[in-house]
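Given next are the chains, with one letter for each unit.
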Amino acid sequence: MRYADLEKLYKLPFFELLQQARKVHESHWSDSSVQLCTLLSIKTGGCSEDCSYCAQSARYNSGIEAERLMEKEQVLERARAAKESGSTRFCMGAAWRGVRAGTQRFESVLEIVREVAALDMEVCVTLGELGAAEATALRQAGVTAYNHNIDTSPEHYPNIVTTHSFQDRLNTIRNVQDAGMSVCCGGILGLGEEIEDRLRMLEVISEFNPPPESIPINALMPMPGTPLADNKPVDAFELARLIALTRISVPGARVRLSAGRTRLSDEAQALCFFAGANSIFYGDKLLTATNPAVQSDLALLSKLGLEAKPADRSTPAPCPRPERPLSPSPK
Ligand code: SAM
Ligand code: DTB
Ligand code: SF4
């Protein structure tokens, strides 16, 4: 969707925007299902990158210590427990700049993926930068979706990260799409960005070809020791607005109400579901930060009459739209 159209929508009175989002939601999603995804950090901390929001960067004293890649059996235990608690997608994250085919650590990840896939869960990984060979190997091992966020606008990105570029992020996303995996790509609100940056981010994401299968919208969880530790909390109405815009601009994507739910009331979360969110991270922990308890999430879903979505490993990656490039169009 073009920037000008996003801007027009953004300027609508809140209830009008929500009404439009609701209409789009209802015409694309016949049920009231919510996708439950469980995160596990399989390799925590010590990351070479300088993402200024992240507790796992080795550059900041956030109190998160660098750990080694978890053992396969431990990961499987957590995946089985996640399945047991009703989760259908298991998302494994690693604090790496990227992975390279032929290395021991990449082989270990492939081995873990094969066994998690055998549990009949949707398997998502987020390992940083990928080349074509790595993307193909992950797909063959059983990964269904790859999470790689663009996080903010191309213009604001260099203020947030300097050790890799926005274009590097897009290149990885291209490799993921070419390998036939679904793309999970979203961003963070609260990075000191302007409204224009949020709209630009959505412009880029909504023009991906094929469109992303899921879009995580995170609200910054300020991490002590990071440059953004003192940023002010994201306003719940702003978050709901962005979710509504995401729903309208990518109608077929699962829009995930992601990091930052611990700061939201049940009512604010309900507003976000109404605006078009139909996916959450489920489980008491995100990667290093806390998430609402499973029991309180189940209670909230039940109060709202929302159901957990069943797993679907057969979900194909979204089909390409004809003739639309994956690159940010000029403003
Ligand atoms: N290293 C990989 C990468 O950068 O893609 C994967 C892990 S990284 C932690 C995954 C995403 O988590 C980031 O792109 C960002 O959107 C989100 N994230 C990280 N720290 C966050 C924070 N403090 N608050 C909100 N979202 C955060
Ligand atoms: C995403 O968009 N959010 C998740 C997942 N993808 C990997 C991560 C949120 C991390 C929140 C901060 C933490 O746990 O350290
Ligand atoms: Fe590393 Fe990812 Fe954190 Fe950036 S967001 S510092 S790449 S773990």
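Look up: the structure comes first, before these words.
The shown structure was predicted, so the numbers you read here are calculated from the model rather than taken from an experiment.

What follows concerns the pattern of salt bridges. Summed over the entire model, instances satisfying the criterion amount to 17 salt bridges. A salt bridge links E193 to R198; the nearest nitrogen and oxygen atoms lie 2.8 Å apart. Just as E193 is buried, R198 falls in that class too. The partner of K303 in a salt bridge is D266, and the shortest N-O contact between them spans 3.5 Å. One end of the pair, K303, is in helix α11 (residues 294-304); the other, D266, is in helix α10 (residues 266-275), with 37 residues separating them in the sequence. The exposure class assigned to K303 is exposed, which follows from its relative accessible area of 64%.

Considering all chains together, one arrives at three aromatic pairs under this definition. Ring plane angle 80 degrees and centroid distance 5.4 Å describe the contact between F14 and F237, whose orientation is recorded as edge-to-face. With F14 in helix α2 (residues 14-28) and F237 in helix α9 (residues 236-249), this residue pair connects regions lying 223 residues apart in the sequence. Looking at F14, the relative accessible area reads 15%, which means it is buried. For F237, a relative accessible area of 49% translates into the label partly exposed.

What follows deals with the site of ligand 2. Taken together, 13 residues form the shell around ligand 2, and within it N149, N218, L287, T288 and A289 come nearest. For ligand 2, an oxygen atom lies 2.8 Å from a polar atom in the side chain of N149. A distance of 2.8 Å is found between an oxygen atom of ligand 2 and a side-chain nitrogen or oxygen belonging to N218. Judged by its atoms lying within 2 Å of the grid points, ligand 2 is housed in the largest cavity. Taken together, the residues that form the shell around ligand 2 break down as eight nonpolar, five polar and no charged.

Each value, and the rule that gives it
Residues numbered from 1 in each chain as written. Chains lettered and ligands numbered in written order. Predicted model: local features only at pLDDT ≥ 70, side-chain atom pairs only at ≥ 80, totals over all residues. Heavy atoms only, no water. Salt bridge = Lys/Arg side-chain N within 4 Å of Asp/Glu carboxyl O. Buried < 20%, exposed > 50% of the residue type's maximum accessible area, 1.4 Å probe, protein only. Helix = DSSP H or I, 4+ residues; strand = E, 2+ residues; numbered from the N terminus. Phe/Tyr/Trp six-rings, centres within 6.5 Å; stacked < 30°, edge-to-face > 60°. Near = heavy atom within 4 Å. Polar contact = N/O pair within 3.5 Å; in protein donor to acceptor, adjacent residues only side chain to side chain. 1 Å grid on protein atoms, 1.4 Å probe; cavity = no way out; pocket = protein on both sides within 12 Å on 5 of 7 lines; lining within 4 Å. Sits in = over half its atoms within 2 Å of the grid points. Nonpolar A, V, L, I, M, F, W, Y, C, P; charged D, E, K, R; others polar.

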